[in-house]
Amino acid sequence: SDKYSSALYGWSRWSVGGELGFAPSRWTDILVAAGYHGYDQDNAGYSSLGDYSGESNGWTVHGGLGSYATERISYRLMAGWSRFDYGDGVDSSDGFTYMVSGNWKIGDTWNTMLMGNSYYQPSERDYGTSIRVDSLSWGIAKSLVRGKMSATFDVAYRREGHEYAASAASAYDIDYLTGRIGVNYTLNRFLQLYARFEYQQCWNTEGDRPQYDYDRFRGTLGFRLTY
């Protein structure tokens, strides 16, 4: 029997944007950023749900602050408005969006980072569906063995809220919670070894679609070549 009940599909994404900044002091930058992006997919009109255009597009305008709070703490706080037109106008979503990040060099061997953002896009799971993504992540790293080895830990939360769904079966929200630990070892300037262990839990907030709930473990060993 077929492994999948319907044809797979995917999106390609392109984007263009720009940013202007003004530095009233050595510690602060005032920032304004804007971007335009588009999505294309090949099999629009495949589903009995309707004949959708293969094109979706949107824009974002953000303003905010960035630079250094102290010599060891850098930050970036951006907020504004986004609009997204799914299926060449089948449905439009707009709302407040944000991009935040911060980095703190705690000491010579410790470093921590916080990141968060939100945006609109086509669903990666369901045909005829657009979503809003809100995500937040935090991580910490420690340098070991005189910089040749480092250990990392991070945790991330991601929420996919459905903005538009042609089918009631696709009108659900999904939450992801992921935790990771890792070790990196640099043999030389060309070769780095790494190991990762990850746990992820996924659930739908309605509670009536257990087929979308899961948890999984994943371990990875690998190497990176730099030249």
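Conventions we followed
Residues numbered from 1 in each chain as written. Predicted model: local features only at pLDDT ≥ 70, side-chain atom pairs only at ≥ 80, totals over all residues. Heavy atoms only, no water. Salt bridge = Lys/Arg side-chain N within 4 Å of Asp/Glu carboxyl O. Helix = DSSP H or I, 4+ residues; strand = E, 2+ residues; numbered from the N terminus. Buried < 20%, exposed > 50% of the residue type's maximum accessible area, 1.4 Å probe, protein only. Pairing = 2+ DSSP bridges. Axes fitted to C-alpha atoms, helices over the stretch in contact; angles between N-to-C directions. Polar contact = N/O pair within 3.5 Å; in protein donor to acceptor, adjacent residues only side chain to side chain. Contact = heavy atoms within 4.5 Å. Phe/Tyr/Trp six-rings, centres within 6.5 Å; stacked < 30°, edge-to-face > 60°.

Moving on: the pattern of salt bridges. One pass over the full model with this rule turns up 9 salt bridges. Across the pair D175 and R159 runs a salt bridge whose closest N-O atoms are separated by 3.1 Å. Of this pair, D175 sits in strand β9 (residues 174-186) while R159 sits in strand β8 (residues 149-165), placing them 16 residues apart in sequence. On the basis of relative accessibility, which here comes to 2%, the residue D175 falls in the buried class. Several salt bridges converge on common partners, so that one network encompasses R83, D85 and D94.

Moving on, we get to the pairing of strand β4 (residues 73-86). In terms of strand pairing, strand β3 (residues 55-68) meets β4 through 12 bridges, oriented antiparallel. Within β4, the residue paired with S67 across the bridge is Y75. Taken together, β3 and the strand that follows it, β4, pair antiparallel across an intervening segment of 4 residues. Remark: 4 residues form the turn of the hairpin made by β4 and strand β5 (residues 91-104), two consecutive strands paired antiparallel; G87 in that turn has positive phi of roughly 55°.

For residues besides glycine, phi is generally negative; the peptide bonds are generally trans as well. One non-glycine residue, S67, adopts positive backbone phi at about 135°. Here S67 lies in strand β3. Even without glycine at this site, D88 takes up a positive phi of about 55°.

Let us look at the sheet that holds strand β7 (residues 129-144). Pairing is antiparallel across the open sheet formed by 11 strands, whose spatial order is β1-β2-β3-β4-β5-β6-β7-β8-β9-β10-β11. Only two strands of the sheet have a single neighbouring strand rather than two, namely β1 (11-25) and β11 (214-225). Going from strand to strand, the sheet's axes swing by 15° on average, the running direction of each strand aside. One ladder, built from 12 bridges, connects β8 with β9; its direction is antiparallel. Looking across to β9, one finds that E160 is bridged to I174.

Inspection of the secondary structure puts H162 in strand β8. A relative accessible area of 16% means that H162 is categorised as buried. Among the polar contacts listed, one links the side chain of H162 to the backbone oxygen of Y172, at a separation of 2.3 Å. The contact partners of H162, leaving out residues within four places of it in the chain, are S123, D126, T129, S130, I131, S170, Y172 and D173.

A few words now on the environment of T109. Structurally, T109 can be placed in the loop between β5 and β6 (110-122). Separated by 38 residues in sequence, T109 and G147 have C-alpha atoms that sit 8.3 Å apart. Apart from residues no more than four positions distant in its own chain, T109 is found in contact with A141, K142 and S143. A distance of 3.0 Å separates the side chain of T109 from the side chain of K142, its partner in a polar contact.

Position of M78 relative to the elements: it lies in strand β4. A sequence separation of 12 residues divides M78 from V90, and the C-alpha atoms of the two residues are 29 Å apart. The residues contacting M78, other than those within four sequence positions of it, are L31, A33, H62, G63, G64, L65, T97, Y98 and M99.

On to the packing of aromatic side chains, then. Following the criterion strictly, the structure yields 10 aromatic pairs and no others. For the ring pair Y39 and F84, a centre distance of 6.0 Å and an interplane angle of 90° mean the geometry is edge-to-face. Of the two residues, Y39 sits in strand β2 (residues 28-41) while F84 sits in strand β4, which places them 45 residues apart along the sequence. The same class applies to Y39 as to F84, namely buried. Ring centres of W138 and F153 lie 6.2 Å apart, and the angle between their planes is 70°; this geometry places the pair in the edge-to-face category. With W138 in strand β7 and F153 in strand β8, this residue pair connects regions lying 15 residues apart in the sequence. Exposure remark for W138: the relative accessible area of 34% places this residue in the partly exposed category. Under the relative-accessibility criterion, F153 is labelled partly exposed at 35%. An aromatic cluster is built from W11, Y39, F84, Y86 and Y164, whose rings are joined through pairwise contacts.

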